[in-house]
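Structural features, examined
For reference, the chains in residue letters:
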Amino acid sequence: MSDTLTNLPVIIIIIGTIGLAIYTYVVTQKRKRAGAQSSEKAFTDWMNAQGFTPTHQACFGGTGIAIKEGENRVALQSRGVIQFCPLTNITALRAHQTTASARPLGAAPGVVEVRQFQLYNLDISINKLADPVKILLENEADLQQWEQRLKAAANI
């Protein structure tokens with residue numbers, strides 16, 4: 001009887017730890033999904049509040065870009081900052097692809113397959129900013145379209 005009473009707190013701690021780990025995993029996955037959706041919604045809501053209705057818009061990976069025909073500014077969202085940028089302030093564009101790897105947290109090499117995927121990046125250099133604004137796009141066709149749109153609008 002005394003052995004059972006001694007082991008009971010240990011069993012409760014182990015079960016509680018497992019339950020907490022499962023809860024943390026589920027909450028983290030929900031936040032990841034909701035983060036991308038809320039980022040796009042925040043970008044759209046911000047533009048609506050400014051009275052800016054874009055003719056072309058793209059949001060992906062927490063970044064966003066939008067342009068309105070006839071306007072001399074572009075809306076950009078990168079690193080949690082949403083701003084308008086005059087087209088005359090764009091000094092250069094760089095469209096390129098990179099490869100990234102995804103591995104589940106806590107996975108040991110060789111145990112879990114490492115998945116590689118392409119990222120389509122549009123770097124927009126702006127006057128008076130040291131680092132270019134980085135926009136992620138979903139596919140290569142979108143990357144090329146946005147590069148052409150911005151080059152035509154900014155006369156680069």
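This section reports on the structure supplied with the text. (Residues numbered from 1 in each chain as written. Predicted model: local features only at pLDDT ≥ 70, side-chain atom pairs only at ≥ 80, totals over all residues. Heavy atoms only, no water.)

1. Focus on the sheet that holds strand β7 (residues 133–137)
Pairing within the open sheet is antiparallel, and its 3 strands lie in the order β5-β6-β7. At either end of the open sheet lies a strand with only one pairing partner, and these are β5 (90–102) and β7. Pairs of neighbouring strands in the sheet enclose a mean axial angle of 30°, with direction left out of account. As judged from the 12 bridges shared by β5 and strand β6 (residues 115–126), these two strands associate in the antiparallel manner. Paired with His96 across the bridge in β6 is Asn121. Lying over the sheet, helix α2 (residues 140–154) contacts β5, β6 and β7, oriented at roughly 165° with respect to β5. (Pairing = 2+ DSSP bridges. Helix = DSSP H or I, 4+ residues; strand = E, 2+ residues; numbered from the N terminus. Axes fitted to C-alpha atoms, helices over the stretch in contact; angles between N-to-C directions. Contact = heavy atoms within 4.5 Å.)

2. Some remarks on the pattern of salt bridges
Summed over all chains, the structure comprises 5 salt bridges. A salt bridge links Asp45 to Lys41; its shortest N-O distance comes to 3.0 Å. In this pair, Asp45 and Lys41 are both assigned in helix α1 (residues 2–49), 4 residues apart and thus about one turn of the helix distant. A relative accessible area of 37% places Asp45 in the partly exposed class. (Salt bridge = Lys/Arg side-chain N within 4 Å of Asp/Glu carboxyl O. Buried < 20%, exposed > 50% of the residue type's maximum accessible area, 1.4 Å probe, protein only.)

3. Focus: the sheet that holds strand β2 (residues 63–67)
Whether parallel or antiparallel, the strands of a sheet pair through hydrogen bonds between backbone atoms. An order of β1-β2-β3-β4 is seen for the 4 strands of this open sheet, with the pairing classed as antiparallel. Looking along the sheet, the strands with just one partner apiece sit at the ends: β1 (56–60) and β4 (81–86). Strand-to-strand twist of the sheet, defined as the mean angle between neighbouring strand axes without regard to direction, takes the value 10°. Taken together, the 5 bridges between β1 and β2 define a ladder with antiparallel strand orientation. Within the sheet, the bridge partner assigned to His56 lies in β2 and is Ile67. Each of β1, β2 and β3 (73–78) touches α2; the most contacted strand, β2, lies at about 45° to it.

4. Some remarks on the side chain of Asn121
Among the secondary structure elements, Asn121 is positioned in strand β6. Under the relative-accessibility criterion, Asn121 is labelled buried at 10%. A polar side-chain atom of Asn121 sits 3.0 Å from a polar atom in the side chain of Thr98. In this structure Asn121 touches Arg94, Ala95, His96, Gln97, Thr98, Ile135, Leu136 and Leu143, once residues within four positions along its chain are discounted. (Polar contact = N/O pair within 3.5 Å; in protein donor to acceptor, adjacent residues only side chain to side chain.)

5. What to know about the packing of aromatic side chains
This structure, assessed with the given rule, holds 2 aromatic pairs. Within the aromatic cluster, the residues linked to one another by ring pairs are Trp46, Phe52 and Phe84. Sitting over the face of the ring of Phe84, Arg73 holds its NZ or CZ atom 3.9 Å from the ring centroid. When the ring centre of Trp146 is taken as origin, the NZ or CZ atom of Arg149, which lies over that ring, is 4.8 Å away. (Phe/Tyr/Trp six-rings, centres within 6.5 Å; stacked < 30°, edge-to-face > 60°. Lys NZ or Arg CZ within 6 Å of the ring centre and 35° of its normal.)

6. Section: unusual backbone geometry
Phi at Arg79 takes a positive value of approximately 55°, unusual for a residue other than glycine. With respect to the element layout, Arg79 can be found in the loop between β3 and β4. Take Arg79: its relative accessible area is 61%, and that puts it in the exposed class. In this model, Lys128 sits at a positive phi of 65°, which is unusual for a non-glycine residue. Examined against the element boundaries, Lys128 turns out to sit in the loop between β6 and β7.

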